[in-house]
Amino acid sequence: MSLGGLSLNLRSSGIYIAFALIVVLFSVLTDGAMLQPQNISNIIVQNSYVLILAIGMILVIIAGHIDLSVGSVVAVTGALAAVLMVNMGLPWPLALLITLVAGALIGAWQGYWIAYFGIPAFIVTLAGMLLFRALTLTVLGNQGIGPFPDQVRTLANGFTNGYLGNIGLGPLGGADLFSLLIGIVAIAGMVAAQWRTRNARKGYGQSVEPIALFVLKMAAGAALILFLVVQLARFKNLPWVLVLLAVLVLAYSLMANRTVFGRQIYAIGGNLQAAVMSGVKVKSVVFWIFVNMGVLSAIAGIIFAGRLNQAGPTAGNSFELDAIAAAFIGGAAVQGGVGKIVGAITGGLIMAVINNGMSLIGSPSERVMLVKGAVLLAAVAFDVWTKRRAGAAR
């Protein structure tokens, strides 16, 4: 394998290797508490809204932009949902639909100024961060609104039912059979999708990894999914928010990798002038990227408010920084044009594991921020370093 190929593999796989090492490190430091079923469930539920934001943020960054307003949009959409459901008594499905439409309108407002008026996204979303935080405070004042309907709380904090009962797992005890079957289906889907991608690349004459390496990667992925599902099935089954996340990750991965719109996002971030000359409607694509970010922010706002069972004026503080960090740690390039949905989720999980692990060992908050900042800097430095090595090898 050439040095250039090695650098490419290191760049694409390094984030997953780093994630595995961080999990192992904190598992040792916490005497195994990190990987206990309840703790794994807590990591997913407590960080679900950041992972949802990371899905939209990675697309914004791939296109060469940034969104600093998502935390404030989380707050204002959560406040809107609370007003509609609690104060006005609207049925929860209608209230959620109106909230999602409001998120789309917020995204369209910002997308217009960025795409069609030509104001840099940094400025527009910085203004949005202030505007929508002010609107949240106007709606809520200094008080929260709650409680939310049971259905909304279940989406944020609830778990799937044991539809098929439990199955014995020897020393591990019992686990929900339905959850285990879902895990097996997920593994089969992952292997089939990766095998199809590999064959497609071979059909186009592109280089692919040796079959032994492919099998090793699939085995590692399958082991990870099976371990996660078994642990969750031993606790309270699959969290509903994990089901929502899985649907979003699958849908957005397919969109980014298999659709014209997805390829246009990468083209805009990779080389804007070439994209324009190729006929890409850049303004339209950028506009819809921010509409999408608004909708995902609204979903995150509903999930966060539902988890706390109230909409508060301080909701969403620093969420934009967590989402941006997740995208860059997950492999997004500073210049745009590079990044994957799964990478952003992995970056978000790295931040979540650091938060959780350092909390378990009793580290003070300033040390947690120190480590997270160092990890973010290291991730971006690694991206720059691999680009330079790739350039030198050519």
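In this text the structure is predicted, and so the values were computed from the model without any measurement.

**Quick notes on the overall build of the protein chain**
A count of helices and strands for the protein chain gives 15 helices and two strands. For a compact globule of 394 residues, the expected C-alpha radius of gyration is about 21 Å, and the protein chain comes in at 21 Å, within 12% of that figure. Once the C-alpha set of the protein chain is aligned to its principal axes, its extents read approximately 65 × 60 × 40 Å. When each of the 394 residues of the protein chain is scored for burial, the buried share is 45%. A separation of at least 24 residues holds for 76% of the contacts in the protein chain among residues at least 6 apart in sequence. Within the structure as shown, the protein chain displays about 19,000 Å² of accessible surface, and the carbon and sulfur contribution to it stands at 68%.

**What about the packing of aromatic side chains?**
Tallying each qualifying case throughout the model produces ten aromatic pairs. Between the aromatic rings of Phe304 and Phe319, the centroid separation amounts to 5.1 Å while the plane-to-plane angle is 90 degrees, which identifies the pairing as edge-to-face. Highlighted residues: Phe304 in helix H12 (residues 282-308) and Phe319 in helix H13 (residues 319-329), separated in sequence by 15 residues. On the accessibility criterion, Phe304 (11% relative accessible area) is buried. According to the relative accessible area criterion, Phe319 is buried, its value standing at 8%. Grouping aromatic residues by their ring pairs yields a cluster made of Trp109, Tyr112, Trp113, Tyr116, Phe117, Phe287 and Trp288. Between the NZ or CZ atom of Arg198 and the centre of the ring of Phe214, over which it lies, the distance is 5.5 Å.

**Focus: the domain arrangement of the protein chain**
When its domains are assigned, the protein chain resolves into domain 1 (37-158 + 260-388) and domain 2 (160-238). Between the C-alpha centres of domain 1 and domain 2 there is a distance of 27 Å. In this assembly, six residues from domain 1 lie in contact with seven residues from domain 2. At the boundary of domain 1 with domain 2, total buried surface from both sides reaches about 570 Å², with 80% on carbon and sulfur atoms. At the boundary of domain 1 with domain 2, the tally comes to zero salt bridges. Counting every contact that joins domain 1 to domain 2 gives zero residue pairs in polar contact (both at pLDDT 80 or more). Residues of the side of domain 1 that touches domain 2, tallied by class, amount to three nonpolar, three polar and no charged.

**Focus: the nonpolar core**
Within the largest apolar cluster, 65 residues are counted, with the highest numbers of intra-cluster contacts made by Ile52, Leu53, Ile55, Ile58, Tyr252, Ile265 and Leu296. Ranked by residues supplied to this core, first place goes to helix H2 (residues 37-62) with 16 residues. Look past the residues within four positions of Tyr252 in its chain and what remains in contact with it is Ile55, Leu59, Asn292, Leu296 and Ile341. In terms of nonpolar packing, the next biggest core, distinct from the first, is built from 17 residues, Phe19, Ile329, Val353 and Ala379 among them.

**Looking at helix H8 (residues 211-235)**
Each full turn of the α-helix corresponds to 3.6 residues, which orients residues three or four apart in the same direction. Between its first and last C-alpha atoms H8 spans 36 Å; for 25 residues at 1.5 Å apiece the expected length is 36 Å, and the two agree. After H8 finishes, the residue Asn237 shows a positive phi value of roughly 75 degrees.

**Here we look at a nonpolar patch on the surface**
There is a patch of nonpolar side chains on the surface, built from Leu94, Leu97, Ile98, Val101 and Leu105 and spanning about 440 Å² of accessible area. Mapping Leu97 onto the fold places it in helix H4 (residues 92-116).

**Quick look at the pattern of salt bridges**
Under the defined criterion, the tally for this structure stands at two salt bridges. Asp150 serves as the salt-bridge partner of Arg153, at 2.3 Å between the closest nitrogen and oxygen. Placement of the pair is Arg153 and Asp150 together in helix H6 (residues 150-157), with a separation of three residues, close to one helical turn. Among the residues examined, Asp150 registers a relative accessible area of 49% and is labelled partly exposed. Asp322 serves as the salt-bridge partner of Lys372, at 3.8 Å between the closest nitrogen and oxygen. Of this pair, Lys372 sits in helix H15 (residues 365-393) while Asp322 sits in helix H13; the two residues are 50 residues apart in sequence, bridging distant segments of the chain. Owing to a relative accessible area of 22%, Asp322 belongs among the partly exposed residues under this scheme.

Each value, and the rule that gives it
- Residues numbered from 1 in each chain as written.
- Predicted model: local features only at pLDDT ≥ 70, side-chain atom pairs only at ≥ 80, totals over all residues.
- Heavy atoms only, no water.
- Helix = DSSP H or I, 4+ residues; strand = E, 2+ residues; numbered from the N terminus.
- Rg over C-alpha atoms; globule rule 2.2 N^0.38 Å.
- Buried < 20%, exposed > 50% of the residue type's maximum accessible area, 1.4 Å probe, protein only.
- Contact = heavy atoms within 4.5 Å.
- Areas by Shrake-Rupley, 256 points an atom, 1.4 Å probe, with all protein chains shown as cover.
- Phe/Tyr/Trp six-rings, centres within 6.5 Å; stacked < 30°, edge-to-face > 60°.
- Lys NZ or Arg CZ within 6 Å of the ring centre and 35° of its normal.
- Domains from an automatic or database assignment.
- Buried area = accessible area lost by both parts, 1.4 Å probe.
- Salt bridge = Lys/Arg side-chain N within 4 Å of Asp/Glu carboxyl O.
- Polar contact = N/O pair within 3.5 Å; in protein donor to acceptor, adjacent residues only side chain to side chain.
- Nonpolar A, V, L, I, M, F, W, Y, C, P; charged D, E, K, R; others polar.
- Core = buried A, V, L, I, M, F, W, Y, C linked by side-chain atoms within 4.5 Å.
- Expected span 1.5 Å × (residues − 1).
- Patch = residues over 30% accessible without salt bridge, like charges linked within 9 Å, V, L, I, M, F, W, Y side chains within 5 Å.

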